Amino acid sequence: MSPPRSRNDSPSSSRERGQPRAETRTRKAAAQAPESPEAAERAARKGARSSRVSVESRYRSWLRHHAAMARDSARRLLVAPIASLLTMLAIAIALTLPAALWLALDSARLLDNELNDSAQLTLYLETSVDESQALTLSDSLRDAAGVGGVRLITAAEGMQEFAQALDLKRSLSLLDDNPLPASIVITPLDTTPESVRALATRLEGEPGVASARLDLAWLERLRQLGELGQKVTLGLALLFGLGVLLVVGNTIRLSVESRRQEIEVVTLIGATHAFVRRPFLYSGAWYGLGGGLLACGILALGGNWLAAPVTALVQSYGGNYVLPALGVAGGATLLFSSTILGWIGAWIAVGRHLASISPR
């Protein structure tokens, strides 16, 4: 005898239970049915837009990582202040000598400009030329090409200057006639030796001019010394710049070796060489910047220490000379050069040792 059928076992309830199953099968079939090409393309574009990282976000992340690496590199230098200071001091000593020579050459260029201003050509007139004729000739030479200035020295003025220079006033007063001719001092516009020689040859042919006196040997020697000093300074700058690269490179190499395991781990999880290299580059830049600051301090102290004796020596010869200072532009150039040298030294050191510590 079959058990009594409950209310829930009625045919209508069975149909109701079967209806959700039919709807589920319909949804699955609809999901498995191929979509139209337009719908698939819209879905792909929508997904691509949701997963794309904007350029601005990548740039901000890049800046944040650079700032973090710069702070971390500075902190690591401050953890060992004595070792960092010694490295910076070695860099400062290597930078001080070429910078001091550069300042010396700068002062020599200032002196060269003063000597160029004093480079003059003297035209001695014939003894038959009187004072009015000499004045007319000097006025005509003012408009000549290549002439910057003209000063007439009459025979009487020349005798007076000669007597004062040699302290022979009493002896020269015994002469009946003045044996000195009138002269015209020419200041050339172009003080190069070739231009001054050409001007002297041209003016020597003027009527009433007996001879032209030109002494440029000292000027040529000074310029030759200046060129030699420039080449010596350039050679020393290159040599000591190489020394800075070696100092920074050796320091960074030791730092790379001390963090070898850390580099292997971050390389295993996908860090690029640029990511690994970045903190060491900032360390090299900090070393270079610190060395440049110390070099500026050494140059300032040395200039103050030598200023008094140099000034006293120049004043004893009747001159006025002040030791040149580094200045804002020179200090900025020195700091920029030292920082770049530290950066390059770190780049070379890390590049050489990064391949040898790649993960195995």
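Everything below is about the structure shown above.
Worth saying up front: this structure is predicted, and the values here are computed from it rather than measured. (Residues numbered from 1 in each chain as written. Predicted model: local features only at pLDDT ≥ 70, side-chain atom pairs only at ≥ 80, totals over all residues. Heavy atoms only, no water.)

## So, the overall build of the protein chain
From N to C terminus, the protein chain includes twelve helices and four strands. Summarising the internal contacts of the protein chain: among those between residues at least 6 apart in sequence, 81% fall at separations of at least 24. Counting only carbon and sulfur atoms, one obtains 61% of the accessible surface of the protein chain, whose full area is about 23,900 Å². (Helix = DSSP H or I, 4+ residues; strand = E, 2+ residues; numbered from the N terminus. Contact = heavy atoms within 4.5 Å. Areas by Shrake-Rupley, 256 points an atom, 1.4 Å probe, with all protein chains shown as cover.)

## Comments concerning a nonpolar patch on the surface
A surface patch of nonpolar side chains, about 580 Å² in accessible area, is lined by Phe336, Ile340, Trp343, Ile344, Trp347 and Ile348. If you trace the backbone, Phe336 turns up in helix α12 (residues 327-354). (Patch = residues over 30% accessible without salt bridge, like charges linked within 9 Å, V, L, I, M, F, W, Y side chains within 5 Å. Salt bridge = Lys/Arg side-chain N within 4 Å of Asp/Glu carboxyl O.)

## Let's talk about the side chain of Thr96
Its location among the elements puts Thr96 in helix α4 (residues 81-118). At 2.6 Å, the side chain of Thr96 and the backbone oxygen of Ala92 are in polar contact. Thr96 has contacts with Ala295, Ile298 and Leu299, leaving out every residue within four places of it along the chain. (Polar contact = N/O pair within 3.5 Å; in protein donor to acceptor, adjacent residues only side chain to side chain.)

## As for the pattern of salt bridges
Inspection of every chain in the model, using the stated rule, returns six salt bridges. The partner of Arg60 in a salt bridge is Glu56, with the nearest N and O atoms 2.5 Å apart. One end of the pair, Arg60, and the other, Glu56, are both in helix α3 (residues 55-79), four residues apart, so they sit about a helical turn from each other. On the basis of relative accessibility, which here comes to 47%, the residue Arg60 falls in the partly exposed class. Between Arg260 and Glu264 there is a salt bridge, with its nearest N and O atoms 3.7 Å apart. (Buried < 20%, exposed > 50% of the residue type's maximum accessible area, 1.4 Å probe, protein only.)

## Details of α3
The terminal C-alpha atoms of α3, which comprises 25 residues, lie 36 Å apart, in line with the 36 Å expected from a rise of 1.5 Å per residue. Taken residue by residue, α3 has His65, His66, Met69, Ala70, Asp72, Ser73 and Leu77 as its buried positions. (Expected span 1.5 Å × (residues − 1).)

## Things to note about the sheet that holds strand β1 (residues 121-125)
Strand order in this open sheet of four strands is β2-β3-β1-β4, and the pairing throughout is antiparallel. With one partner strand each, in any of the chains shown, β2 (147-153) and β4 (209-213) form the two edges of the open sheet. Strand-to-strand, the axes of this sheet are offset by a mean angle of 20°, without reference to chain direction. Two elements, β1 and β4, share four bridges in a ladder whose sense is antiparallel. The residue bridging Tyr124 from the neighbouring strand is Ser211, located in β4. Relative to the sheet, helix α5 (residues 131-141) contacts β1, β2, β3 (183-188) and β4, its axis offset from that of β2 by approximately 170°. (Pairing = 2+ DSSP bridges. Axes fitted to C-alpha atoms, helices over the stretch in contact; angles between N-to-C directions.)

## Some details on the nonpolar core
The biggest cluster of nonpolar side chains holds 28 residues, and the ones touching the most others in it are Leu95, Val244, Ile252 and Leu334. If you list the elements that add at least two residues to this core, you get α4, α9 (217-258), α11 (273-316) and α12. Dropping the residues within four chain positions of it, Val244 is found in contact with Ile91, Ala94, Leu95 and Leu341. Judged by nonpolar contacts, the second largest core, of 18 residues, contains Val129, Val150, Leu203 and Val209. (Core = buried A, V, L, I, M, F, W, Y, C linked by side-chain atoms within 4.5 Å.)

## Section: the environment of Leu294
If you trace the backbone, Leu294 turns up in helix α11. For Leu294, the residues in contact, after removing those within four places along its chain, are Leu85, Met88, Leu89 and Ala92.

## Some remarks on the packing of aromatic side chains
The full count for this structure, using the stated rule, is two aromatic pairs. When the centroid spacing of 6.1 Å and the interplanar angle of 25° are considered together, the rings of Tyr59 and Trp62 count as stacked. In this pair, Tyr59 and Trp62 are both assigned in helix α3, three residues apart and thus about one turn of the helix distant. On the basis of relative accessibility, which here comes to 48%, the residue Tyr59 falls in the partly exposed class. (Phe/Tyr/Trp six-rings, centres within 6.5 Å; stacked < 30°, edge-to-face > 60°.)

## Describing the side chain of Ser338
You can see Ser338 is positioned in helix α12. A residue is classified by how much of its surface remains accessible, and Ser338, at 0% relative accessible area, is buried. Those residues in contact with Ser338, other than ones at most four positions away along the chain, are Leu95, Gly288, Leu289 and Gly292.

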